[in-house]
Amino acid sequence: KLQKDMDEVLIVKESKQQEIETLQNRVAQITADNAKEVDNLQKELKTAKAKSDEISAVKESMQQKNQALRSEMAEITTAKDADIENLQKELKSVGSSLVVATNMGDMMTEENI
């Protein structure tokens, strides 16, 4: 009977040993799968960071271009305003000359009459 009990214990021990090996293999596989997943996620994170940096660079460039355009528009507006002011002065001068010429013409006409 003792031999039979010992044989049963050995059978149970072998069965438990196989279960342990199976579990160890599963743990090893899960660990390997997790390592691959971590590696993939790190690659995705690196790619996302690169895209984020690229977007930031484009945004910065657009802001600089926008500022340059605003400065250019301000210069154009200032020049346009100065041109308008000069044209108004010229128009006033021409208008004054026209008034003087008209008055002289009137006076000459009166003298002729």
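Everything numeric in this text was worked out from a predicted model, so none of it was measured.

Description of the overall build of the protein chain
Working step 1: Assigned secondary structure in the protein chain consists of 1 helix and 0 strands.
Working step 2: For a compact globule of 113 residues, the expected C-alpha radius of gyration is about 13 Å, and the protein chain comes in at 48 Å, more than 25% above that figure.
Working step 3: Across the 113 residues in the protein chain, those meeting the buried criterion constitute 0%.
Working step 4: For the protein chain, the accessible surface area stands at approximately 10,700 Å², while carbon and sulfur atoms represent 59% of it.
Working step 5: In the protein chain, the 16 positive side-chain charges and the 22 negative ones have mean positions that sit 13 Å from each other.

Digging into the pattern of salt bridges
Working step 1: Overall, the coordinates contain 6 salt bridges when judged by the stated rule.
Working step 2: Ionic pairing is found between Lys80 and Asp81, a salt bridge with its closest N-O pair at 3.8 Å.
Working step 3: Since its relative accessible area comes to 40%, Asp81 is described here as partly exposed.

Describing a nonpolar patch on the surface
Working step 1: A cluster of nonpolar side chains, Val100, Met104 and Met107, forms an exposed patch at the surface whose accessible area comes to about 300 Å².
Working step 2: Overall, Met104 belongs to the partly exposed group, its relative accessible area being 47%.

Details of the environment of Asn103
Working step 1: By the secondary structure assignment, Asn103 is in helix H1 (residues 2-112).
Working step 2: By relative accessible area, which is 42% here, Asn103 ends up partly exposed.
Working step 3: Residues Asn103 and Val58, spaced 45 residues apart in sequence, show a C-alpha to C-alpha distance of 66 Å.

Reading the values: the criteria
- Residues numbered from 1 in each chain as written.
- Predicted model: local features only at pLDDT ≥ 70, side-chain atom pairs only at ≥ 80, totals over all residues.
- Heavy atoms only, no water.
- Helix = DSSP H or I, 4+ residues; strand = E, 2+ residues; numbered from the N terminus.
- Rg over C-alpha atoms; globule rule 2.2 N^0.38 Å.
- Buried < 20%, exposed > 50% of the residue type's maximum accessible area, 1.4 Å probe, protein only.
- Areas by Shrake-Rupley, 256 points an atom, 1.4 Å probe, with all protein chains shown as cover.
- Lys, Arg positive; Asp, Glu negative; His and termini not counted.
- Charge placed at Lys NZ, Arg CZ, Asp CG, Glu CD.
- Salt bridge = Lys/Arg side-chain N within 4 Å of Asp/Glu carboxyl O.
- Patch = residues over 30% accessible without salt bridge, like charges linked within 9 Å, V, L, I, M, F, W, Y side chains within 5 Å.

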